[in-house]
Amino acid sequence: MIYQKPKGTRDLFGFELERLETVNSIARRFFKKSGYQELKIPWVIDKRVYVLIPEGTASVWRAFIENKLSLPARFLYIGSMFRKERPQKGRYREFEQIGIELLGESQPFYDAEIIEQAKRFLEIIGAYDFFIEINSIGCPKCRSAYKNILKSYLKPHMNTICTDCQRRFGKNFLRIFDCKEETCQKIYDRAPMITDHLCLECREHYAHVKKYLGIFKVDSKENKKLVRGLDYYTRTVFEFKQKGLGAQDTIIAGGRYDLLMKELGGSDIPCLGWAMGPERMLLALPQDVPQLEDRTSIYIAVIGERYVETMLKVRDTLVKNDFICVMAAPEDSIKDQLRQANRLKVDYVILYGEDEAEKGMYAIKDMKTGEQHSIVPDQLLQFLKKS
Ligand SMILES: [Zn+2]
Ligand SMILES: [Zn+2]
């Protein structure tokens, strides 16, 4: 008897499998060094949830609640998932996914941070020729006000847009912007966009995300039609797109979903994250995926907002020199920052506040030995490279 593999699946072996495993192992090392904890969890979940949200996110949340883990929390998952839609190039029915979830952080700093980390990860595995699109789709408050504005704009066009869009407008109205019909898109080209109708809080949040992306030197393009279509997304949404992959060019997609946990019946916990399909990305990667040597990870703790700028520069230098850096949002208290540094199991903590500024030194703690050092700025790189 001859068996055939199911449609939309494939066998992975030899060189292709090796490349995929290299990407997975780099992801493991890179994100663990950035303070993420890997979750190996069964991907079988409640059917109701399955249709609602990406399986990775749902399972991470389930594990978080069931195991009573504490906040804030950073998770990494790598695994095989399944999708129901029709298979396409680089899009299989059973597919690999790498994803991260950041729970309990509402500051815009973290929206920018997870985008920057995704970008650095792509660079490490040798991806190039990708670009980043971002948008803010606000909160329920901005959305209900905006829906009326959009409704009056669309009124004379209601019979011109496709039946899919007519239906979507009733249920999940932001999704109309995902429509592939050119007729619809022409109408939406001139529509008022939610990005321009955010409430004050959402507008400020978005402005800060963009500010930090600028500080992290992450180039991104605003795409006002990027909506990610699902109701539980709030504020930030983003996609990484690869040139040369045609219509299915999204390699990473993510955003903030502060309402999700509540919607699933849990407590009100802000959350953000992204997911990447390494298989589709392998199409765009060079044949040889580079190896990641063990890099030193550093947590930067800042006491006092006025030193943030200085430490962001230090962070920049360290990242350029291949260190893995984690920094707390400047708004977090020093107690929270140090507690986080402890939990993230980094190699070093750099501490900078009034005392250090006065002395012109950085306080550095070696987290393995517990030793404390005072280092002048000029010798920081030398000190860390020696270790
Ligand atoms: Zn809002
Ligand atoms: Zn349409």
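Look up a bit, the structure's there.
First things first, this report covers the structure right here in the doc. (Residues numbered from 1 in each chain as written. Chains lettered and ligands numbered in written order. Predicted model: local features only at pLDDT ≥ 70, side-chain atom pairs only at ≥ 80, totals over all residues. Heavy atoms only, no water.)

## Describing the side chain of R315
In step 1: Position of R315 among the secondary structure elements: in helix 11 (residues 308–320).
In step 2: Here E116 takes part through its side chain, which lies 2.7 Å from a polar atom of the side chain of R315.
In step 3: Here R315 is in contact with E113, E116, R120, F216, I300, C325 and M327, once residues within four sequence places are set aside. (Helix = DSSP H or I, 4+ residues; strand = E, 2+ residues; numbered from the N terminus. Polar contact = N/O pair within 3.5 Å; in protein donor to acceptor, adjacent residues only side chain to side chain. Contact = heavy atoms within 4.5 Å.)

## A closer look at the layout of surface pockets
In step 1: The space that makes up the second largest pocket amounts to roughly 330 Å³.
In step 2: What lines the second largest pocket is a set of 15 residues, among which G35, Q37, R74, R343 and L344 lie closest to the centre.
In step 3: For the lining of the second largest pocket, the secondary-structure elements that each account for two or more residues are strand 2 (73–82) and helix 12 (334–344).
In step 4: When grouped by side-chain class, the residues that make up the lining of the second largest pocket number 6 nonpolar, 4 polar and 5 charged.
In step 5: Lining the lining of the second largest pocket are residues from two domains, each supplying at least three of them: domain 1 (14–137 + 220–282) and domain 3 (297–386). (1 Å grid on protein atoms, 1.4 Å probe; cavity = no way out; pocket = protein on both sides within 12 Å on 5 of 7 lines; lining within 4 Å. Points joined across faces, edges and corners; volume = space filled by probe spheres on them. Nonpolar A, V, L, I, M, F, W, Y, C, P; charged D, E, K, R; others polar. Domains from an automatic or database assignment.)

## Some details on the coordination of the zinc ion (ligand 1)
In step 1: Distances from the zinc ion (ligand 1) to its protein donors, namely C139 (SG), C142 (SG), C199 (SG) and C202 (SG), fall within the range 2.1 to 2.3 Å.
In step 2: Between the 4 donor atoms coordinating the zinc ion (ligand 1), the angles at the centre fall across 105 to 120 degrees, so the site counts as tetrahedral.
In step 3: In the primary sequence, the donor residues of the zinc ion (ligand 1) line up as C-x2-C-x56-C-x2-C. With C139 in the loop between strand 4 (130–136) and helix 5 (140–154) and C199 in the loop between helix 7 (182–189) and helix 8 (200–215), the pair connects residues that are 60 residues apart, well separated along the chain. Taken individually, C139 and C199 each receive the classification buried, so the pair is uniform in this respect. (Donors = N, O, S within 2.8 Å, 3.2 Å for Na, K, Ca; no water. Tetrahedral: all angles 85-135°; square planar, octahedral: opposite > 155°, others 65-115°. Buried < 20%, exposed > 50% of the residue type's maximum accessible area, 1.4 Å probe, protein only.)

## As for the packing of aromatic side chains
In step 1: Per the stated rule, a full pass over the model turns up 19 aromatic pairs.
In step 2: Pairing F31 with F121 gives two aromatic rings, centres 5.3 Å apart and planes at 50 degrees, and the pair type is tilted. Remark: F121 occurs in helix 4 (residues 108–124) and F31 occurs in helix 1 (residues 14–33); sequence separation between them is 90 residues. The same class applies to F31 and to F121, which are both buried.
In step 3: Between F109 and Y110 the ring centres are 5.4 Å apart and the planes differ by 80 degrees, which places this aromatic pair in the edge-to-face class. Accessibility classification places F109 together with Y110 in one group, the buried group.
In step 4: An aromatic cluster of at least three residues, connected via ring pairs, comprises F30, F31, Y36, F121 and W274.
In step 5: Its end group placed over the ring of F169, K147 keeps NZ or CZ at 5.5 Å from the ring centre. (Phe/Tyr/Trp six-rings, centres within 6.5 Å; stacked < 30°, edge-to-face > 60°. Lys NZ or Arg CZ within 6 Å of the ring centre and 35° of its normal.)

## Examining the nonpolar core
In step 1: In terms of nonpolar packing, the biggest core is built from 121 residues, with F121, L122, Y188, F240 and L318 touching the most fellow members.
In step 2: Looking at this core, the element that brings in the most residues is helix 4, giving 9 residues.
In step 3: When residues no more than four places from it in sequence are discounted, the contact partners of F121 are V23, I26, A27, F30, F31, I98 and M276. (Core = buried A, V, L, I, M, F, W, Y, C linked by side-chain atoms within 4.5 Å.)

## Comments concerning the sheet that holds strand 10 (residues 324–327)
In step 1: Taken together, the 5 strands give an open sheet; going across it, the order is 10-9-11-12-13, and neighbouring strands pair in mixed fashion. The strands lining the two open edges of the sheet, one partner per strand, are strand 10 and strand 13 (372–375). Direction aside, neighbouring strands of the sheet carry axes that sit 25 degrees apart on average.
In step 2: In this structure, strand 11 (residues 348–352) lies alongside strand 12 (residues 362–366), joined through 4 bridges in antiparallel fashion. The partner of V349 across the bridge, within strand 12, is K365. (Pairing = 2+ DSSP bridges. Axes fitted to C-alpha atoms, helices over the stretch in contact; angles between N-to-C directions.)

## Comments concerning helix 11
Each turn of an α-helix holds 3.6 residues, which means side chains three or four residues apart point in the same direction.
In step 1: Given a rise of 1.5 Å per residue, 13 residues ought to cover 18 Å, and the 18 Å separating the end C-alpha atoms of helix 11 matches this to within 8%.
In step 2: Taken residue by residue, helix 11 has V308, M311, L312, V314, R315, D316, L318 and V319 as its buried positions.
In step 3: Positioned one or two residues after helix 11, D322 has a phi angle of 70 degrees, which is positive. (Expected span 1.5 Å × (residues − 1).)

## What about unusual backbone geometry?
In step 1: Along the chain, L71 connects to P72 via a cis peptide bond; the corresponding omega equals -10 degrees.
In step 2: Residue position: P72 is located in the loop between helix 3 (55–66) and strand 2.
In step 3: Phi is positive for K345, close to 55 degrees, though the residue is something other than glycine.
In step 4: Among the structural elements, K345 can be located in the loop between helix 12 and strand 11.

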